[in-house]
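An overview of the molecular structure
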Amino acid sequence: MPDQIWPAMDSAAKDEMQLALSPGPEWPEQERAEQLARGAALKWASGIFYRPEQLARLGQYRSREVQRTRSLEARLKSVVQSYLEGVQTGVWQLARAIEVVQGTREALSQARGLLQGMSQALQTLEPLRERVAQHKQLQALSHLLPRLRAVPAAVAHTQTLIDGQQFLEAYVSLRELEQLREDTWAPLGGLELPVFQGLDLLFEALGQAVEAAAGTAGKLAREDPALLVAAVRVAEVETGRKTTLGQVPRDWRQRCLRALQEGLERAHFGSPLLPAPGALPGWLEALRVALPVELVTAEALVAPCCPPQYNVVQLWAHTLHSGLRRSLQNLLAGPELEAADAFALLHWALHVYLGQEMMGSLELGPEADVSQLEPLLTLENIEQLEATFVANIQASMSQWLQNVLDGEVAEWGREQGPNTDPSGSYYSPMPAIVLQILEENIRVASLVSESLQQRVHSMALSELGIFLRSFSDALIRFSRDHLRGKSMAPHYVPYLLAALNHKSALSSSGSVLQLDGAASGALAPVEAALDELQRRIYRLVFEALQAELQPLFADLPSRQWLSSPELLESVCERTGRFCRDFWRVRNPTVQQLLLAEAERAVVLQYLSALMQGRLVCRGADERTQAAARLRHDAAQLQQLFLSLGLEENAHCAPVLLALRELLNLRDPALLGLEVAGLRQQFPDVSEDHVSALLGLRGDLSREQHLAALSSLQAALPPSPRASSRVLFSLVPAPAPAAASCLPSGSCARALLLAE
């Protein structure tokens with residue numbers, strides 16, 4: 001490499017560059033490149049000069065390649081020259097950078113030494129700095145010292161203002177003290193003087209005083225509205241003020257609103273003691289008077305003392321409602337209420353509270369927004385109270401009805417007969433009392449809700465059914481004791497007849513127990529119980545009649561009966577005396593039923609006596625006497641019951657005339673026609689009955705007897721009117737001995753065949 005390429009380099013650098021550019025073992029790639037170039041040149045030459053005639057052009061190829069080689073060398077030299085110039089510039093710049101770095105290193109070393117010296121100097125100046133800070137603080141304190149000296153007195157004066165409820169003046173004084181604390185805080189570097197340590201407590205005391213005033217807002221609005229206004233203004237100003245010194249903002253507005261609510265609840269619902277049993281209606285009545293007064297006071301007096309955003313009327317309404325609702329929930333969570341308390345609470349909550357006297361008052365403005373109030377009682381509360389009321393009323397009603405029944409039963413054994421009304425009918429206040437008890441409870445329940453009315457109605461009907469069954473059982477015991485002689489009732493039958501009037505009164509007045517919209521069959525169980533009671537009374541009455549008449553029929557029929565009417569006269573006399581009080585039954589239809597059943601009872605006793613076989617006629621004369629006696633007895637019985645008022649078409653005594661024909665018939669061959677006629681008139685007559693009646697004649701052979709009985713089967717179908725007459729089936733026919741009965745046919749026919 002010529003020396004002119006890098007004139008600025010020293011000799012050592014030049015030697016290094018030449019060594020780097022010279023081929024040698026340090027550049028194995030160069031040697032390989034030369035080998036590849038030689039190989040490529042040989043390959044090219046062998047391809048060009050492959051044939052001999054191509055050697056003539058060797059000179060041309062040589063001069064062209066020499067020319068190309070020179071051109072390549074020139075280009076290489078240019079490139080190397082440019083590369084070497086760039087390397088020279090870079091080497092020069094590196095040399096300059098080394099010099100700068102060395103200078104910088106020396107400068108940094110000098111600066112480090114200077115800083116170390118300054119640090120030592122600063123340590124010596126630290127006491128002076130502290131002195132300067134203390135001097136500044138003392139200077140600031142010296143300027144504030146007159147004001148700081150007055151802080152204790154200002155704190156005491158502020159406390160006096162707070163105690164005197166001068167809220168605005170106390171708040172201004174506190175703000176001045178707080179401003180003084182802020183003025184001293186910055187100069188003192190965030191240091192708070194001991195003289196200000198009680199300032200936060202003083203602020204809290206003012207906040208508590210404002211809360212206390214808000215808690216008696218209703219009273220203050222009437223007695224000292226200026227004090228309430230001052231308390232609210234202090235709360236509003238303090239809530240909107242931005243605090244300093246990193247203090248937490250004081251939200252006195254919420255404290256004030258909370259105090260308003262707590263004061264209301266404490267005034268009306270603050271007592272931890274729930275109303276005693278029986279005192280709940282009085283407590284609710286006091287609330288009915290007090291709560292509207294509170295709302296009127298809130299709208300007329302408290303609202304003008306407060307900002308509009310307080311929504312005083314709505315706040316009052318919702319607070320009173322919430323407090324009342326919570327008190328009622330606590331009340332219902334305690335011991336079970338009595339019936340009167342449960343009713344009073346239901347009626348008050350569902351009607352009075354939401355009515356025009358209280359929350360539904362037209363005088364309350366839209367600010368109250370009572371439509372948004374949640375129900376005072378939940379559905380579970382209403383269900384609980386209704387169940388409590390119904391259960392308690394049911395127990396009381398059951399006891400009342402039992403007392404009424406006991407009083408009625410006690411009347412049955414007295415020496416006097418039943419009381420009568422102006423019309424002469426037997427009368428007792430028992431039905432009216434029973435219906436009044438039921439109706440009154442249903443009516444009272446209707447004052448609360450339809451659901452409670454329906455529940456009480458169902459319960460009342462159930463209790464009425466129980467009462468009717470108890471009344472019926474009491475009549476059975478009364479009858480059993482009387483008939484067995486355990487306790488003779490002087491007026492046994494009249495009291496049974498009075499019981500029929502009770503039944504009629506309950507039936508006719510039962511419509512008052514029918515609710516509008518109730519199921520059509522709601523009264524069906526009660527009506528069924530009343531019908532069963534009437535049937536039982538009928539049975540008891542006629543059992544008593546049978547007991548009186550049975551001894552009189554012991555001698556019927558007999559020879560004495562044939563010759564004398566005294567037996568039936570005694571029967572008619574006893575029957576007339578027994579039935580003389582039937583007219584005291586109020587219902588005419590029942591009177592007719594009683595008379596008809598009484599006549600039926602007498603006729604049945606008469607027929608039963610005839611069936612006993614105590615008399616067999618000895619001849620035609622006795623048969624004629626017996627027939628005449630039957631006709632006379634039928635007329636006498638018919639006359640008796642006509643005189644008692646029984647309608648003629650209801651009489652059963654004409655059956656004796658039909659039997660008379662069986663005895664009066666002289667030709668036994670015609671008995672079949674009479675027997676068939678008897679079956680047509682009385683379809684329930686049996687072969688045993690006919691056989692017993694035919695036995696009274698005493699003149700029939702076995703064949704005649706069987707012929708007459710066989711006519712029963714050939715009888716024409718009975719008329720519809722006759723089919724409804726039940727008589728003989730109620731008369732026990734004399735049954736022959738079991739040994740005389742054949743497996744088929746009637747026992748009477750079997751006996752005749754056996755003979």
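As the structure is a prediction and not an experimental result, all values here were calculated from the model.

Reading the values: rules and limits
Residues numbered from 1 in each chain as written. Predicted model: local features only at pLDDT ≥ 70, side-chain atom pairs only at ≥ 80, totals over all residues. Heavy atoms only, no water. Helix = DSSP H or I, 4+ residues; strand = E, 2+ residues; numbered from the N terminus. Buried < 20%, exposed > 50% of the residue type's maximum accessible area, 1.4 Å probe, protein only. Contact = heavy atoms within 4.5 Å. Areas by Shrake-Rupley, 256 points an atom, 1.4 Å probe, with all protein chains shown as cover. Phe/Tyr/Trp six-rings, centres within 6.5 Å; stacked < 30°, edge-to-face > 60°. Lys, Arg positive; Asp, Glu negative; His and termini not counted. Salt bridge = Lys/Arg side-chain N within 4 Å of Asp/Glu carboxyl O. Patch = residues over 30% accessible without salt bridge, like charges linked within 9 Å, V, L, I, M, F, W, Y side chains within 5 Å. pLDDT = per-residue confidence, 0-100. Axes fitted to C-alpha atoms, helices over the stretch in contact; angles between N-to-C directions. Parallel < 35°, antiparallel > 145°, perpendicular 65-115°, else oblique. Left-handed = near helix turned anticlockwise from the far one by under 90°. Nonpolar A, V, L, I, M, F, W, Y, C, P; charged D, E, K, R; others polar. Core = buried A, V, L, I, M, F, W, Y, C linked by side-chain atoms within 4.5 Å. Expected span 1.5 Å × (residues − 1). Polar contact = N/O pair within 3.5 Å; in protein donor to acceptor, adjacent residues only side chain to side chain. Disulfide = S-S within 2.5 Å.

**Some thoughts on the overall build of the protein**
Per the secondary structure count, the protein includes 27 helices and zero strands. Going through the 755 residues of the protein one by one, you find that 40% of them count as buried. At a minimum sequence separation of 6, the contacts of the protein that also span at least 24 residues come to 76%. Total accessible area on the protein stands at roughly 41500 Å², and carbon and sulfur atoms take up 55% of it.

**So, the packing of aromatic side chains**
A full pass over the atoms with the stated rule returns ten aromatic pairs. Seen in terms of ring centroids, Phe578 and Phe582 are 6.2 Å apart; in terms of plane orientation they differ by 85°. Their pairing is edge-to-face. An identical accessibility class is assigned to Phe578 and Phe582; each is buried. An aromatic cluster of at least three residues, connected via ring pairs, comprises Trp412, Phe467, Phe471, Phe478 and Tyr492.

**Topic: the side chain of Glu463**
Mapped onto the elements of the fold, Glu463 is located in helix α15 (residues 450-483). The side chain of Glu463 is buried and forms no salt bridge, while Arg469, the nearest opposite charge, is found at 8.2 Å. Contacts of Glu463, omitting those with residues within four sequence positions, involve Gln394, Met397, Ser398 and Leu401.

**Some remarks on the pattern of salt bridges**
Tallying each qualifying case throughout the model produces 23 salt bridges. Across the salt bridge formed by Arg455 and Glu383, the nearest N and O atoms sit 3.2 Å from each other. Here Arg455 is found in helix α15, whereas its partner Glu383 is found in helix α13 (residues 379-412), with 72 residues between them in sequence. Salt-bridge contacts for Arg586 lead to Asp421; the nearest nitrogen and oxygen are separated by 3.4 Å. Taken together, the residues Arg586 in the loop between α19 (566-579) and α20 (588-610) and Asp421 in the loop between α13 and α14 (430-446) connect sequence positions 165 residues apart. Classification of Arg586 by relative accessible area gives partly exposed; the value is 35%. Classification of Asp421 by relative accessible area gives buried; the value is 18%. A single salt-bridge network, built from bridges that share partners, covers Glu178, Arg181 and Asp200.

**Description of a nonpolar patch on the surface**
Nonpolar side chains collect at one region of the surface, where Leu122, Leu125 and Leu128 lie side by side and expose about 280 Å² of accessible area between them. With respect to the helices and strands, the residue Leu125 is situated in helix α3 (residues 58-149).

**Quick word on unusual backbone geometry**
Here the phi dihedral of Gln165 falls at roughly 60°; this positive angle occurs in a residue that is not glycine. When you line up the elements, Gln165 lands in the loop between α4 (151-163) and α5 (167-185). Here the phi dihedral of Asn311 falls at roughly 45°; this positive angle occurs in a residue that is not glycine. Residue placement: Asn311 occurs in the loop between α10 (280-302) and α11 (312-333). Residue Asn311 is classed as partly exposed on the basis of its relative accessible area, which comes to 43%.

**Thoughts on the environment of Ser507**
By the secondary structure assignment, Ser507 is in helix α16 (residues 492-509). By relative accessible area, which is 32% here, Ser507 ends up partly exposed. With 20 residues separating them along the chain, Ser507 and Glu527 place their C-alpha atoms 7.3 Å apart.

**Some thoughts on the environment of Gln454**
Mapped onto the secondary structure, Gln454 falls in helix α15. Accessibility expressed as a relative area gives 40% for Gln454, which makes it partly exposed.

**Brief notes about the confidence of the model for the protein**
Should the pLDDT be low somewhere, the predicted coordinates at that spot are not to be read in detail. Overall, the prediction assigns the protein a mean pLDDT of 81, with 86% of residues at 70 or greater. Helix α27 (residues 747-754) is the least confidently modelled element of the protein, averaging 42 in pLDDT, while α13 averages 92, the highest of any element. In this model, residues 1-14 is a region of pLDDT below 50 whose contacts with residues beyond four sequence positions or in other chains number 16 contacts. Below pLDDT 50 for its whole length, residues 736-755 participates in 26 contacts with residues either more than four positions away or in separate chains.

**Some points on the packing of α19 against helix α21 (residues 620-644)**
For the pair α19 and α21, interaxial distance at closest approach is 11 Å and the crossing angle is 15°. One element, α19, and the other, α21, form an angle in the roughly parallel class. In the packing of α19 onto α21, the handedness of the crossing is right-handed. On the side of α19, the interface is formed by Leu568, Glu569, Cys572, Thr575, Gly576 and Cys579, while α21 contributes Asp633, Gln636, Leu637, Leu640, Phe641 and Leu644. Looking at side-chain class alone, the contact of α19 with α21 contains seven nonpolar, three polar and two charged residues.

**Quick look at the nonpolar core**
By size, the foremost hydrophobic cluster in this structure holds 192 residues, and its most contacted members are Leu206, Trp316, Trp561, Leu607, Leu610 and Leu659. Looking at this core, the element that brings in the most residues is α20, giving 13 residues. Setting aside residues no more than four positions away along its own chain, Leu610 makes contact with Leu556, Pro557, Trp561, Leu630, Leu659, Leu693 and Leu696.

**Observations regarding the side chain of Asn441**
Its location among the elements puts Asn441 in helix α14. The residues touching Asn441, leaving out its near neighbours within four places in the chain, are Ile393, Met397, Trp400 and Val456.

**Focus: α20**
Compared with an ideal rise of 1.5 Å per residue, which puts 23 residues at 33 Å, α20 spans 33 Å between its outermost C-alpha atoms and is within 8% of the ideal. Summarising burial for α20: 17 of the 23 residues are buried, a large majority. Two to three positions downstream of the cap, the backbone nitrogen of Thr589 sits 3.0 Å from a side-chain oxygen, assigning the N-cap of α20 to Asn587.

**Topic: the packing of helix α6 (residues 199-215) against helix α8 (residues 225-240)**
Contact geometry for α6 and α8: axes closest at 9 Å, N-to-C directions at 130°. Relative to α8, the element α6 lies oblique. As α6 runs across α8, the sense of the crossing is left-handed. Between α6 and α8, the contacting residues are Phe203, Leu206, Val210 and Ala213 on the first element and Leu228, Ala231, Val234, Ala235 and Glu238 on the second. When grouped by side-chain class, the residues that make up the contact of α6 with α8 number eight nonpolar, no polar and one charged.

**Brief notes about the state of the cysteines**
The final tally for this structure, using the stated rule, is zero disulfides. Sulfur of Cys305: no disulfide; nearest cysteine sulfur belongs to Cys306 and is 6.2 Å away.

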